Amino acid sequence: MAEIESRVIIGAGHAGGRAAEAMRQAGFGGEIVLIGEEAHVPYERPPLSKELLTGDEGPEKTFLNAPQFYAENEIDLRLECRAAHIDRAGHRVVLDGGDAVPYGKLLIATGGRVRHLACEGAGLAGIHTIRTIDDSLGLRPHLAEGARVVVIGGGFIGLEVAASARTRGAHVTVVELADQVLARVADPAVGDLVAGLHRRRGVHVMTGATVERLDGNGRVAEVICTDGETIAADVVVVGIGILPNQEIAADAGLAVGNGIVTDEFGRTSDPDIFAAGDCAFHFNPILGRHLRLESWENAQLGAIAVARNMVSDPAPYAAVPWFWSDQFDLNLQVVGAPDSWDRLVTRGDPESGRSVIFYMDGAKVCGATAFSQGREARPLRRMVESGADFSDAELADEGIRLRDLAGRKA
Ligand SMILES: Cc1cc2nc3c(=O)[nH]c(=O)nc-3n(C[C@H](O)[C@H](O)[C@H](O)COP(=O)(O)OP(=O)(O)OC[C@H]3O[C@@H](n4cnc5c(N)ncnc54)[C@H](O)[C@@H]3O)c2cc1C
């Protein structure tokens, strides 16, 4: 088949929006079609659990680009338009309603969708999740002074919502199933530090607590745990993770695992179809394994790299994973994605609110969390990437600058 000079993107979120922009910036002159089921132009999600909840502004600041950017750059942005399936043999994307969009190369950037509670009462009014602008704006008026807010799930999103609600003067309880907060991504010691920060600011943090059911007369009024503890609630926010939107790829016969499987260039098992952002289970050459990331940087730089690979000579995307979170006045920088470590090394006094915790694998730093030390993220990433050896004593010594240690080679 002669190559069709078009690039089609399914998903007009962060990754999809940046990818379209990057293709034009790379000089691609063919047709670009960006298909998104939401009503908003592509936007960034981090403010949804932070500034958009604590402030009173509209969502415009979250937009990647002004609405007119797309027409100005001849990007055919189709909002409130859902891709139903991919016809690989015909090289076309079939939309809800039956219209089809032909592609030369296709990018799947469908992100993820929130998990919902499965227990009794999960369908009551007053129960919120947070993934979209509309979710955030819908929740905001309920986080009023004195409101009783129960957050189910002590991961990053749940804790950010808890901090935002408390900042607005609400009474906040976090209910976490695991024995620590941030159980999926952090050592218990790091989880305890973060939980302590919330407790000191008046958030009631419950760990090892299982929600049995939600009760109320049409509208949620109580959260009942399996141990019988009952928490009064005016509003409940469920933050128990997301599922990758990978079905459209699986249905088309593409390889999927925990996300859509891609190589280091972002290519799926079909050389004309790529995937990026939260939906992609991509190969990271630095870590030597596939992983799925839910992070701003992966949706930004990862998508830009994949988009360039779709319009010019391919280059691998290789980056040490990096994520940040803001909760109250705490800024967390999380570097690496270790699945095991043998000990932690602490630099600085965690009680001071400013410290770095290294995750160690022998003499190597396999990950790190920096507490309100934003500038250390870059050297920390270099330390993980280099695979160099470090002694516990030098890591803990605040007299030695991390940027000096970061130059060390393996
Ligand atoms: C509340 C919140 C706070 C966050 N805070 C941080 C943070 O502090 N730091 C950080 O590093 N990361 C943060 N993240 C993570 C980061 O925002 C995500 O990783 C990023 O948005 C992923 O971008 P994406 O484009 O892959 O997915 P999305 O932004 O979810 O975009 C996917 C889009 O595809 C659309 N779509 C799906 N299927 C179809 C279809 N069949 N047809 C058409 N359209 C479709 C969806 O509706 C959606 O608009 C946060 C995320 C959330 C939700």
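Asker: Even after reading the chapter, I still don't get the domain arrangement of the chain, so can you show me in this structure?
Answerer: Interfaces are often sized by the accessible area lost when the parts come together. As assigned here, the chain comprises domain 1 (6-113 + 242-311), domain 2 (116-238) and domain 3 (329-405). Between domain 1 and domain 3, the C-alpha centre-to-centre distance is 32 Å.

Asker: Looking at this model, I keep getting lost on the sheet that holds strand E6 (residues 100-102). Mind explaining?
Answerer: Sheet strands associate in pairs through backbone hydrogen bonding, adopting either a parallel or an antiparallel arrangement. Here we have three strands laid out as an open sheet, ordered E4-E5-E6, and antiparallel in their pairing. Edge positions in the sheet fall to strand E4 (83-87) and E6, since each of these pairs with one other strand and no more. Neighbouring strand axes in the sheet, compared pairwise and without regard to direction, differ in orientation by 25° on average. Both strand E5 (residues 92-95) and E6 contribute to a ladder of three bridges, which runs antiparallel. Residue pairing across strands places Val-94 opposite Ala-100, the latter belonging to E6.

Asker: I tried to follow the nonpolar core on my own but got confused; where do I start?
Answerer: For soluble globular proteins, the rule of thumb is that nonpolar side chains tend to be buried together. Counting residues in each nonpolar core, the largest one holds 114 residues, and the members touching the most others are Ala-19, Leu-107, Ile-108 and Val-236. It is helix H8 (residues 296-311) that provides the largest number of residues to this core, a total of eight residues. Excluding residues that lie within four positions of it along the chain, Leu-107 makes contacts with Arg-7, Ile-9, Ala-19, Phe-274, Ala-275, Ala-276, Val-306, Ala-307 and Met-310.

Asker: I'm lost on the site of the ligand in this one. Help?
Answerer: Around the ligand, 37 residues are found, and the nearest of them are Gly-11, Gly-13, Ala-15, Gly-111 and Gly-277. At the level of elements, helix H1 (14-25), H8 and strand E23 (322-327) are the ones that each hand at least two residues to the shell around the ligand. No fewer than three residues from each of domain 1 (6-113 + 242-311) and domain 2 (116-238) sit in the shell around the ligand.

Asker: Just checking my understanding: could you explain the pairing of strand E27 (residues 364-371) for this structure?
Answerer: Each regular strand carries side chains that alternate between the two faces of the sheet. With respect to burial, E27 is a largely interior element, seven of its eight residues being buried. Of the strand pairs in this sheet, strand E26 (residues 355-361) and E27 are connected by seven bridges, and their pairing is antiparallel. Across the sheet, the residue bridging to Met-360 is Val-365, located in E27. Remark: two residues form the turn of the hairpin made by E26 and E27, two consecutive strands paired antiparallel; Gly-362 in that turn has positive phi of roughly 65°.

Asker: Any chance you could explain the sheet that holds strand E9 (residues 127-128) here in plain terms?
Answerer: One open sheet accounts for five strands, arranged E9-E16-E10-E11-E12; its pairing is parallel. If you trace the sheet from one side to the other, it starts and ends with E9 and strand E12 (204-206), each paired once. Bridge count between strand E10 (residues 148-152) and strand E16 (residues 235-238): four bridges; the pairing is parallel. By the bridge assignment, Val-150 is partnered in E16 with Val-236. Sitting on the sheet, helix H5 (residues 156-167) touches E10, strand E11 (171-175) and E16, and the angle it makes with E11 is about 165°.

Asker: When you look at the pairing of E11 in this model, what are you seeing that I'm missing?
Answerer: Along E11, four of the five residues are buried, which leaves the element largely enclosed by surrounding structure. Relative to E11, E10 runs parallel, the two sharing five bridges. Note that in E11 the partner of Val-151 across the bridge is Val-174. One crossover worth recording links E10 to the parallel E11 by way of H5, and it is right-handed. Note that E11 and E12 share three bridges and pair parallel.

Asker: Looking at this model, I keep getting lost on H1. Mind explaining?
Answerer: Counting along an α-helix, one turn takes 3.6 residues, and residues three or four places apart therefore face a common direction. Over its 12 residues, H1 runs 16 Å from end to end, which matches the ideal 16 Å to within 8%, given 1.5 Å per residue. Taken together, the buried positions of H1 are occupied by His-14, Ala-15, Gly-16, Gly-17, Arg-18, Ala-19, Ala-20, Glu-21, Ala-22 and Met-23. The inward-facing, buried residues of H1 contact strand E1 (6-10), strand E2 (31-35), strand E3 (75-78), strand E7 (105-108) and H8.

Asker: What should I look at first to understand unusual backbone geometry in this one?
Answerer: Working note: non-glycine residues mostly have negative phi, and peptide bonds are mostly trans. The backbone phi angle of His-91 is positive, close to 50°, even though this residue is not glycine. With respect to the element layout, His-91 can be found in the loop between E4 and E5. Exposure remark for His-91: the 21 C-beta atoms within 10 Å place this residue in the buried category. With phi around 55°, Leu-182 is a residue other than glycine that occupies positive phi space. Inspection of the secondary structure assignment puts Leu-182 in the loop between E11 and helix H6 (188-200).

Asker: Just checking my understanding: could you explain H5 for this structure?
Answerer: Compared with the 16 Å implied by 1.5 Å per residue over 12 residues, the 16 Å span of H5 between its first and last C-alpha is a close match. For H5, the tally of buried residues reaches 11 of 12 residues, placing the bulk of the element in the interior. For H5, the full list of buried residues reads Phe-156, Ile-157, Gly-158, Leu-159, Glu-160, Val-161, Ala-162, Ala-163, Ser-164, Ala-165 and Arg-166. Next to the buried residues of H5 lie helix H2 (51-54), E10, E11, H6, E16 and E23. Gly-169 lies just past H5 and shows a positive phi near 95°.

Asker: Would you explain the packing of H1 against H8 in this entry?
Answerer: Working note: a packed helix pair is described by the angle between its axes plus the distance between those axes. One can describe the packing of H1 onto H8 by two numbers: an axis separation of 8 Å at closest approach and a directional angle of 45°. By the angle class used here, H1 and H8 are oblique. The handedness of the crossing between H1 and H8 comes out as right-handed. Facing H1, whose interface residues are His-14, Ala-15, Arg-18, Ala-19, Ala-22 and Met-23, H8 presents Ala-299, Gln-300, Ala-303, Ile-304, Val-306, Ala-307, Arg-308, Met-310 and Val-311. Of the residues that constitute the contact of H1 with H8, the class distribution is 11 nonpolar, two polar and two charged.

Conventions adopted
- Residues numbered from 1 in each chain as written.
- Predicted model: local features only at pLDDT ≥ 70, side-chain atom pairs only at ≥ 80, totals over all residues.
- Domains from an automatic or database assignment.
- Pairing = 2+ DSSP bridges.
- Helix = DSSP H or I, 4+ residues; strand = E, 2+ residues; numbered from the N terminus.
- Axes fitted to C-alpha atoms, helices over the stretch in contact; angles between N-to-C directions.
- Core = buried A, V, L, I, M, F, W, Y, C linked by C-beta atoms within 7 Å.
- Buried ≥ 20, exposed ≤ 12 C-beta atoms within 10 Å, placed from the backbone.
- Contact = placed C-beta atoms within 7 Å.
- Near = placed C-beta within 6 Å.
- Right-handed = clockwise from strand over helix to strand, strands pointing away.
- Expected span 1.5 Å × (residues − 1).
- Parallel < 35°, antiparallel > 145°, perpendicular 65-115°, else oblique.
- Left-handed = near helix turned anticlockwise from the far one by under 90°.
- Nonpolar A, V, L, I, M, F, W, Y, C, P; charged D, E, K, R; others polar.

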